[in-house]
Number of protein chains: 2
Amino acid sequence: MRQFKAIVEYDGTDFAGFQWQSNARSVQSVLEAAIEKRTGQNVRVACAGRTDAGVHALGQVISFRVNTEIPIEKMALALNSALSKDITVRKANEVEASFHARFSASSRKYYYLMLSRKMPSAFLRRYVGFTPYALDLDAMQTATESILGERDFAAFANELQPGKPTSRDLMRFDIRKHRGLFVVRVEANAFLRGMVRTMVGTLLEVGHGKRDPESLPDLLATRNRKLAGASAHAQGLCLYRVRYGVRKEYGLTRTEEFEETE
Amino acid sequence: MRQFKAIVEYDGTDFAGFQWQSNARSVQSVLEAAIEKRTGQNVRVACAGRTDAGVHALGQVISFRVNTEIPIEKMALALNSALSKDITVRKANEVEASFHARFSASSRKYYYLMLSRKMPSAFLRRYVGFTPYALDLDAMQTATESILGERDFAAFANELQPGKPTSRDLMRFDIRKHRGLFVVRVEANAFLRGMVRTMVGTLLEVGHGKRDPESLPDLLATRNRKLAGASAHAQGLCLYRVRYGVRKEYGLTRTEEFEETE
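All right, on to the overall build of chain A then. Along its length, chain A carries 6 helices and 10 strands. The globule rule puts the C-alpha radius of gyration for 262 residues at 18 Å, and the 19 Å found for chain A is close to it. Relative to its 262 residues, chain A shows a buried fraction of 56%. Within chain A, contacts between residues separated by at least 24 positions form 72% of all contacts whose residues are at least 6 apart in sequence. Where the 39 positive side-chain charges of chain A centre and where its 30 negative ones centre are 5 Å apart.

Placing chain B over chain A gives an RMSD of 0.0 Å and needs a rotation angle of 180°, together with 0.0 Å of translation along the axis. The transformation relating the two chain copies, once decomposed into turn and shift, fits a two-fold axis. When you check the interface residues of chain B against chain A, 100% turn up at the interface there too, and the contact is symmetric in its surfaces.

Time to look at the confidence of the model for chain A. Averaged over every residue, the pLDDT of chain A is 92; residues scoring 70 or more account for 94%. Confidence drops under a pLDDT of 50 for residues 248-262 of chain A, and excluding neighbours within four residues, the segment shows 58 contacts in the predicted structure.

A few words on the domain arrangement of chain A. All names here are of chain A. Split by domain assignment, chain A resolves into domain 1 (2-95) and domain 2 (106-256). Between the C-alpha centres of domain 1 and domain 2 the distance comes to 26 Å. Between domain 1 and domain 2, the residue contacts involve 17 residues of the former and 15 residues of the latter. Across the domain 1 to domain 2 interface the summed buried area is about 1,300 Å²; carbon plus sulfur atoms make up 53%. At the boundary of domain 1 with domain 2, the tally comes to 3 salt bridges. One salt bridge connects Arg197 with Asp52, and the closest N-O pair in it is separated by 3.1 Å. Linking domain 1 to domain 2 there are 11 residue pairs in polar contact (both at pLDDT 80 or more).

The tally for this structure, following the rule as stated, stands at 15 aromatic pairs over all chains. On the numbers, 5.4 Å between centres and 25° between planes, the contact of A:Phe4 with A:Phe64 is stacked. Of this pair, A:Phe4 sits in strand β1 (residues 2-10) while A:Phe64 sits in strand β3 (residues 56-66), and the two are 60 residues apart along the sequence. Grouping residues by exposure puts A:Phe4 and A:Phe64 together as buried. Site record: aromatic cluster; members linked through ring pairs are A:Phe123, A:Tyr127, B:Phe123 and B:Tyr127. Residue placement shows A:Arg25 over the ring face of A:Phe15; its charged tip is 4.0 Å from the ring centre.

On to the environment of A:Glu32, then. All names here are of chain A. Here Glu32 is to be found in helix α1 (residues 27-39). As a C-alpha pair, Glu32 and Arg44 span 12 residues in sequence and 6.7 Å in three-dimensional space. Once you skip the residues sitting within four places of it in the chain, Glu32 turns out to touch Trp20, Val43, Arg44 and Val45.

Thresholds, definitions, all that
- Residues numbered from 1 in each chain as written.
- Chains lettered and ligands numbered in written order.
- Predicted model: local features only at pLDDT ≥ 70, side-chain atom pairs only at ≥ 80, totals over all residues.
- Heavy atoms only, no water.
- Helix = DSSP H or I, 4+ residues; strand = E, 2+ residues; numbered from the N terminus.
- Rg over C-alpha atoms; globule rule 2.2 N^0.38 Å.
- Buried < 20%, exposed > 50% of the residue type's maximum accessible area, 1.4 Å probe, protein only.
- Contact = heavy atoms within 4.5 Å.
- Lys, Arg positive; Asp, Glu negative; His and termini not counted.
- Charge placed at Lys NZ, Arg CZ, Asp CG, Glu CD.
- Least-squares fit on C-alpha atoms with pLDDT ≥ 70 in both.
- pLDDT = per-residue confidence, 0-100.
- Domains from an automatic or database assignment.
- Buried area = accessible area lost by both parts, 1.4 Å probe.
- Salt bridge = Lys/Arg side-chain N within 4 Å of Asp/Glu carboxyl O.
- Polar contact = N/O pair within 3.5 Å; in protein donor to acceptor, adjacent residues only side chain to side chain.
- Phe/Tyr/Trp six-rings, centres within 6.5 Å; stacked < 30°, edge-to-face > 60°.
- Lys NZ or Arg CZ within 6 Å of the ring centre and 35° of its normal.

Right, dumping it as structure tokens:
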């Protein structure tokens, strides 16, 4: 048996998210079908970030274990020849048996694109969130800076699993503007379910002047999801890069630490 | 009757080009249907650049003449409510009766995006051309600079109409690189049919080392389309902006001057 790591890019528009579902086209099922087609084996694919329906990836990382004689330099091509155009294996490597796309990852980085202008964009509609209202960049920058670091992010989680820790290390959270396009970058060791889109939705309310830019630490202290903003639309979100390597320790068990799902 | 000018954005993927065709979904027919739905009148829409099938627009300009009481500030919204998501009217203005989207335009500016890397991009596939080969940026820059200015571009035209002039003023033609993404900008008073994609295709051959970067002026001198490069794929091309205002004179008649179709 050989262990593989692969970097996968997809347009999430026509996927029901990463994770396998009956009667829906998921990234996982499409990848597993391609691996079975090329190796004859039915394997389970693990991923670094379980993206929701409609969320894209430029740098999703998967791992799987399979018995095959396909040379490593042909692996990406072999899988791509069994995949549709909206999903591509960018690179495949053979890795040590202990590697796991989720458990071995030290951080995930996402981009969220938000278009603020009068009319939606026909050209960008599949890849950006949209608001017809003006956004206050300064207020949003203040808000992003206020919650960096290791904190309890339960208030941003769509569901909490009893007994599972809700602390994460937010290493990067910033926002820039290019004409009417706002680019949010966010990187953490891991994310709780729904966390990125709730962060962006809450940030939008700050940008619209509906929420105090200094109020986010207090919001986090409530641990109450109902007090945070609405979830931002899926199509603006893209999993950009997953890092592997040294990571800080959080006093969590290995499996608990990476129970993120977005 | 009132005369309107509108800026239109579209994702060209699911259009058979701008111009009306029987049994195909064209930008023109979709716009004319929306105008008819909102005004009850069947009008003809003129455009600044007749984009081919699959070519996008961020800043196409159209003009039309219609009898309606819709206030100008509601016009874009009214049309958008009758259009599908892959086409948007960004802005509508009321203009003098002599305004014509094509004949009044002084220049058209296009972008061409070309991805050069091992694997195609699932995320960008609808909006970029693709080559698995490396491209020589310096050679391509040399080539672009060599054909600026007013020249006979017949060698780049997919079809020549007898007696029609083939001279155009190429004001801008350059190429930049952002990681694996090459961005070609091209602006001219007007373009011959197929001219932009032939220019890009020829430039690609320079980038691949198959064509001398200094050879483009000689190629133009032949006026022979067969000696130019293959047409670059439609999906990488986008009509970015159309300018109106003072323009240089070319000794052409008004209608002849703007017989561009891309």
